[in-house]
Amino acid sequence: MATGRKTVDYETFAKCKSNFDLVKGLFREGLSIPQVCRYLGITEHTFYKWKTTYPEFEAATVEGREAADYAVENALYRKAVGFAYTEKKIIERNGEIVQ
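For clarity, every value in this text was computed on a predicted model and none was experimentally measured.

Caption draft 1: Inspection of the side chain of threonine 61 at higher detail. Looking at the element boundaries, threonine 61 is found in helix H5 (residues 55-80). Residue class for threonine 61 comes out buried when judged on its relative accessible area of 2%. When neighbours within four sequence positions are excluded, threonine 61 is seen to be in contact with Val23, Phe27, Phe47 and Lys51.

Caption draft 2: Expanded view of the nonpolar core. Within the largest apolar cluster, 16 residues are counted, with the highest numbers of intra-cluster contacts made by Tyr10, Phe13, Phe20, Val23, Leu40, Phe47 and Phe57. Those elements giving two or more residues to this core turn out to be helix H1 (10-15), helix H2 (18-28), helix H3 (33-40), helix H4 (44-53) and H5. Excluding its chain neighbours within four sequence positions, the residues that come into contact with valine 23 are Phe13, Leu40, Phe57, Ala60 and Thr61.

Caption draft 3: Structural context of a nonpolar patch on the surface. A contiguous nonpolar surface patch, about 520 Å² in accessible area, is contributed by Tyr77, Val81, Phe83 and Tyr85. Relative to the helices and strands, tyrosine 85 is located in the loop between H5 and strand S1 (92-93).

Caption draft 4: Focus on the packing of aromatic side chains. In total, this model carries eleven aromatic pairs according to the counting rule given. Note on tyrosine 10 and tryptophan 50: the rings are 5.1 Å apart at their centroids and 75° apart in plane angle, and the pair reads as edge-to-face. With tyrosine 10 in helix H1 and tryptophan 50 in helix H4, this pair connects stretches of sequence that are 40 residues apart. Residue classification places tyrosine 10 among the buried residues on the basis of a relative accessible area of 5%. Ring centres 5.5 Å apart and planes at 90° place the aromatic pair tryptophan 50 and phenylalanine 57 in the edge-to-face group. Residue phenylalanine 57 is classed as buried on the basis of its relative accessible area, which comes to 0%. Of the aromatic side chains, those joined through ring pairs into one cluster are Tyr10, Phe13, Phe20, Phe27, Phe47, Tyr48, Trp50, Tyr54 and Phe57.

Caption draft 5: Expanded view of the side chain of lysine 24. One can find lysine 24 in helix H2. In contact with lysine 24, not counting residues within four places along its chain, are Ala60, Glu63 and Gly64.

Caption draft 6: Fine view of the pattern of salt bridges. Applying the stated rule across the entire model yields two salt bridges. Of the charged contacts in the structure, one is a salt bridge between lysine 24 and aspartate 21, with a shortest N-O distance of 3.7 Å. Of the two residues, lysine 24 and aspartate 21 both sit in helix H2, three residues apart, roughly one turn of that helix. The closest approach of N and O atoms between glutamate 63 and lysine 24, which form a salt bridge, is 3.6 Å. Here glutamate 63, found in helix H5, pairs with lysine 24, found in helix H2; they are 39 residues apart in sequence, far enough to count as distant.

Criteria and thresholds
- Residues numbered from 1 in each chain as written.
- Predicted model: local features only at pLDDT ≥ 70, side-chain atom pairs only at ≥ 80, totals over all residues.
- Heavy atoms only, no water.
- Helix = DSSP H or I, 4+ residues; strand = E, 2+ residues; numbered from the N terminus.
- Buried < 20%, exposed > 50% of the residue type's maximum accessible area, 1.4 Å probe, protein only.
- Contact = heavy atoms within 4.5 Å.
- Core = buried A, V, L, I, M, F, W, Y, C linked by side-chain atoms within 4.5 Å.
- Patch = residues over 30% accessible without salt bridge, like charges linked within 9 Å, V, L, I, M, F, W, Y side chains within 5 Å.
- Areas by Shrake-Rupley, 256 points an atom, 1.4 Å probe, with all protein chains shown as cover.
- Salt bridge = Lys/Arg side-chain N within 4 Å of Asp/Glu carboxyl O.
- Phe/Tyr/Trp six-rings, centres within 6.5 Å; stacked < 30°, edge-to-face > 60°.

Following this line, the structure appears as structure tokens:
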């Protein structure tokens, strides 16, 4: 008797609309597909199956990844054009600002 990993079915996943926001947020934070799959408790095969079968799931993944890509593009652009800033450190002693 072979036992496999139990996975979440899509209907259960889709009942809670906040799950789509969760997927967007995980990708927005820069997680990879295997990391998102582990977090959701699904296999990569299931992830890609859902992505091709359910447009709302694909839209959530695309939207999250676009936000992460945009953040990376902005960071690379700032670095390329020589963006620099001075960080000020505030030192406080006995309730008074020293520096």
